[in-house]
Amino acid sequence: MFPPFDYFSYRRIRDSKRQARANRIASLPPGYHAPFSAFDKSTINKPIEKLVQDVQDDSVSAVDVLRTYGKVAVKAHEKTNCVTELLVPEAEKWAEEEVNLEGPLAGVPVSLKDTVMVKGFETSVGYTKFCGQPEKEDGVMIKLLKDAVGAVPYAKTALPATLLSFESANALWGTCKNPHVPAYSPGGSTGGEAALLALGGRIGIGTDVAGSVRVPAAWSGIYALRCSTGRWPKSGGRTSMPGQEGVPAVYSPMARTLNDLTYFSRSIIGLQPWKYDYTVHPISWREEEENEARSKKLRIGVMSNDGVVPPTPAIERSLSTTIAALTASGHTVAEITPPATADTFTGFNLASQLLNSDGCATFNSFFHSFEPSDPGADQLSRIANLPRPLRYLYYLYVRYIKRDVKWATLIQSFSPKSAAENWKLVYQRETYRATWHAWWDAEPQQYDFILCPANATPALPHRAMRDAVSSCGYTFLWNLLDYSAGVIPVSHVDAVKDALVAPYKTTLKRLGCNHAIAQGAWMHYDAAKMAGLPTAVQIVGRRWQEEKVLGYMAAVEEALEEYRDPQTGEGGKYSLLEID
């Protein structure tokens, strides 16, 4: 069907898919809709090692565990609209007939971002055009989960169609809500995973190209690890930007607890995933590096400001609390000075140009006519497709009338690139990476890890990406460098402690950051409305240092657990959402 008539196809497919999802959930046996039992609560809170042991010694069946987490998914979906495809009851058959219950994750249910290919189910990625095409076989990720580690896939979760947003909403499935404050986003693009895990899910898998597992973790109050390219399986998935390699997307793990995240990562990488997926480097799990990282006194560099958007008060408080806790535990903490020739804004601009070097053509090509996109992706598309003369006039206006150098720099070259132009950008990326590599090795740096925010703000309201789409520097930088990075929750927004003392524009002007990128994020900051939302920090290691980063995350969490504020006596331990 040709435009504009395929608009009606979009509407028909959308309505059909939503109805099919509702019917599938409604048709589940009554047990999936019952209140949580004592067994359910015990299962959800049981250490993952004990859960696996119970399945393997037949103390509990894999199907019973699955039914608990199926119930979690149903209740989480009712609250947040986080599930796109519920894989139950097929997952019950997999648990009985296909899954290797001798594996290190025997019977443990795993949820998946709706980019992972599962036999018999569609991989919509939030686009109606990808519906009606059920997969003929499991992707590599699912084969690995079932055959090697013994996990049971049980749900696919919400995302934005473009995969370029910290909002997880699309025209096909609707809007996913934050599990703490529904008027806010759970993050994106792996927001459905984050919402489900915060509400009792166990472990999940997402993708990250500019912060897409880390920001949802920070905004929903869970844990995530952004793996370097080649450390985690990638084949057997669908994306909104096939062929984009300027800033490669990576599949990465997410979990409700740090123990689950570490156990999951160790299990997957420890079973030689390169035998399943050609994209994985044959780097075995190095447990000694994990143990050393969590047991020694650390030298920590702090990047308190990404040079683009300063942290809002709630995020600043979480960062300062973490620094105080680490210092009290005997670790050495110092503010970093990034390399002068590879500053953070230069990296942000370079990553932005690389990621959208096709002028946003590819992710837009999958929409039916008039099928709504993400507000942030719409803004990127409009700028990328401005005729060259108009772009130059817009650049002059922003640069010399608005006097906004940073925003002007971004829009000046934000356009479709030729192959020659793209090659130049890739060369600049490699030079940038080499500069950071040499900087980290040199005195006085030699940090064990870098501590920084995961985002300048806590979760933002729905549709705020039309203003805050470019507020991603705290995560995007590490994608450009391909560093391993993890996120751990620290606290919650406090309406009084985290309130602005002056209007946001006044505060930003005082900080020397009164430009459009910072304003777009800060304009939505309201501590009173955000009260109760999680805040988090990010732990950044170097390339292929997943074991060390998990060890560093454990050291940070231990420091926070032991810390007591000298003025209030309050502890630093984050409280997960209670399951009721």
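Fair warning: this is a prediction, and the values are worked out from it, not measured in the lab.

(A) How the structure looks around the environment of His 437. Turning to its location among the elements, His 437 is positioned in helix 17 (residues 419-441). Each C-alpha atom of the pair His 437 and Arg 543 lies 9.5 Å from the other, and the pair is 106 residues apart in sequence. Residues in contact with His 437, not counting those within four places in the same chain, are Tyr 483 and Arg 542. A distance of 3.0 Å separates the side chain of His 437 from the side chain of Arg 542, its partner in a polar contact.

(B) Spatial organisation of the pattern of salt bridges. Applying the stated criterion across every chain yields a total of 30 salt bridges. We note a salt bridge from Lys 146 to Glu 98, for which the minimum N-O separation is 3.1 Å. In this pair, Lys 146 is assigned in helix 6 (residues 140-149) and Glu 98 in the loop between helix 5 (90-97) and strand 2 (109-113), connecting sequence segments 48 residues apart. Classification of Lys 146 as buried rests on a relative accessible area of 2%. Residue classification places Glu 98 among the partly exposed positions, given a relative accessible area of 42%.

(C) Region of interest: the packing of aromatic side chains. Taken as a whole and judged by the stated rule, the model has 20 aromatic pairs. Aromatic pair Tyr 127 and Phe 130: ring centres 5.5 Å apart, planes at 70°, arrangement edge-to-face. An aromatic cluster is present here, built from Trp 436, Trp 439, Trp 440, Tyr 447, Trp 478 and Tyr 483 joined pairwise through their rings. A cation over an aromatic ring shows up here: Arg 238 above the ring of Phe 130, its NZ or CZ 4.3 Å from the ring centre. Cation over ring: Lys 406 sits above Phe 345, and NZ or CZ is 5.2 Å from the ring centre.

(D) Region of the structure containing the sheet that holds strand 1 (residues 83-86). A sheet is described by the order of its strands in space; here 11 strands give the open sequence 1-3-2-6-8-7-12-13-11-9-10, paired in mixed fashion. Sheet topology places strand 1 and strand 10 (332-335) at the edges, where each strand pairs with a single neighbour. Between one strand axis and the next, the sheet turns by 30° as a mean value, whatever way the strands run.

(E) Seen up close, the UniProt feature "binding site: substrate" (unreviewed entry) in the protein. The UniProt entry lists Leu 163, Ser 189, Val 209, Ala 210, Gly 211 and Ser 212 under the feature "binding site: substrate" (unreviewed entry), expressed in the numbering used here. Of the residues just listed, which span 50 residues, no C-alpha pair is farther apart than 10.6 Å, and they cluster in one region. Position of Gly 211 relative to the elements: it lies in the loop between strand 6 (203-208) and helix 8 (214-220). Excluding anything up to four places from it in sequence, Gly 211 contacts Phe 166, Gly 188, Pro 216, Thr 475 and Asn 479. Tracing the chain through its elements places Ser 212 in the loop between strand 6 and helix 8. Apart from residues lying up to four places away in sequence, Ser 212 is in contact with Lys 113, Leu 163, Gly 188, Ser 189, Thr 190 and Thr 207. A polar contact of 3.1 Å, which involves the side chain of Ser 212, links it to the side chain of Ser 189.

(F) Fine view of unusual backbone geometry. The step from Gly 188 to Ser 189 runs through a cis peptide bond, and the omega angle for that step is 5°. Cis peptide bonds are those with omega within 30 degrees of zero, and the linkage from Glu 443 to Pro 444 qualifies with 5°. Position of Pro 444 relative to the elements: it lies in the loop between helix 17 and strand 11 (449-453). Here Arg 403, not a glycine, exhibits a phi torsion of approximately 55°, which is positive.

(G) The pairing of strand 7 (residues 223-226), seen in detail. Covered by surrounding structure in strand 7 are Tyr 223 and Leu 225 together with Ala 224 and Arg 226, the residues of both alternating faces. Pairing of strand 7 with strand 8 (residues 250-255), which is carried by two bridges, proceeds in the antiparallel orientation. The residue of strand 8 that forms the bridge with Ala 224 is Met 254. Note that strand 7 and strand 12 (residues 485-492) share three bridges and pair antiparallel. Residue pairing across strands places Arg 226 opposite Ala 485, the latter belonging to strand 12.

(H) Spotlight on the UniProt feature "domain: Amidase" (unreviewed entry) in the protein. Per the UniProt entry, the sites bearing "domain: Amidase" (unreviewed entry) are residues 64-550 in this numbering. Span residues 64-550 is 40% helix and 13% strand, its end C-alpha atoms 30 Å apart.

What counts and what doesn't
- Residues numbered from 1 in each chain as written.
- Predicted model: local features only at pLDDT ≥ 70, side-chain atom pairs only at ≥ 80, totals over all residues.
- Heavy atoms only, no water.
- Helix = DSSP H or I, 4+ residues; strand = E, 2+ residues; numbered from the N terminus.
- Contact = heavy atoms within 4.5 Å.
- Polar contact = N/O pair within 3.5 Å; in protein donor to acceptor, adjacent residues only side chain to side chain.
- Salt bridge = Lys/Arg side-chain N within 4 Å of Asp/Glu carboxyl O.
- Buried < 20%, exposed > 50% of the residue type's maximum accessible area, 1.4 Å probe, protein only.
- Phe/Tyr/Trp six-rings, centres within 6.5 Å; stacked < 30°, edge-to-face > 60°.
- Lys NZ or Arg CZ within 6 Å of the ring centre and 35° of its normal.
- Pairing = 2+ DSSP bridges.
- Axes fitted to C-alpha atoms, helices over the stretch in contact; angles between N-to-C directions.
- UniProt positions renumbered as here; feature names shortened; annotations may be inferred.

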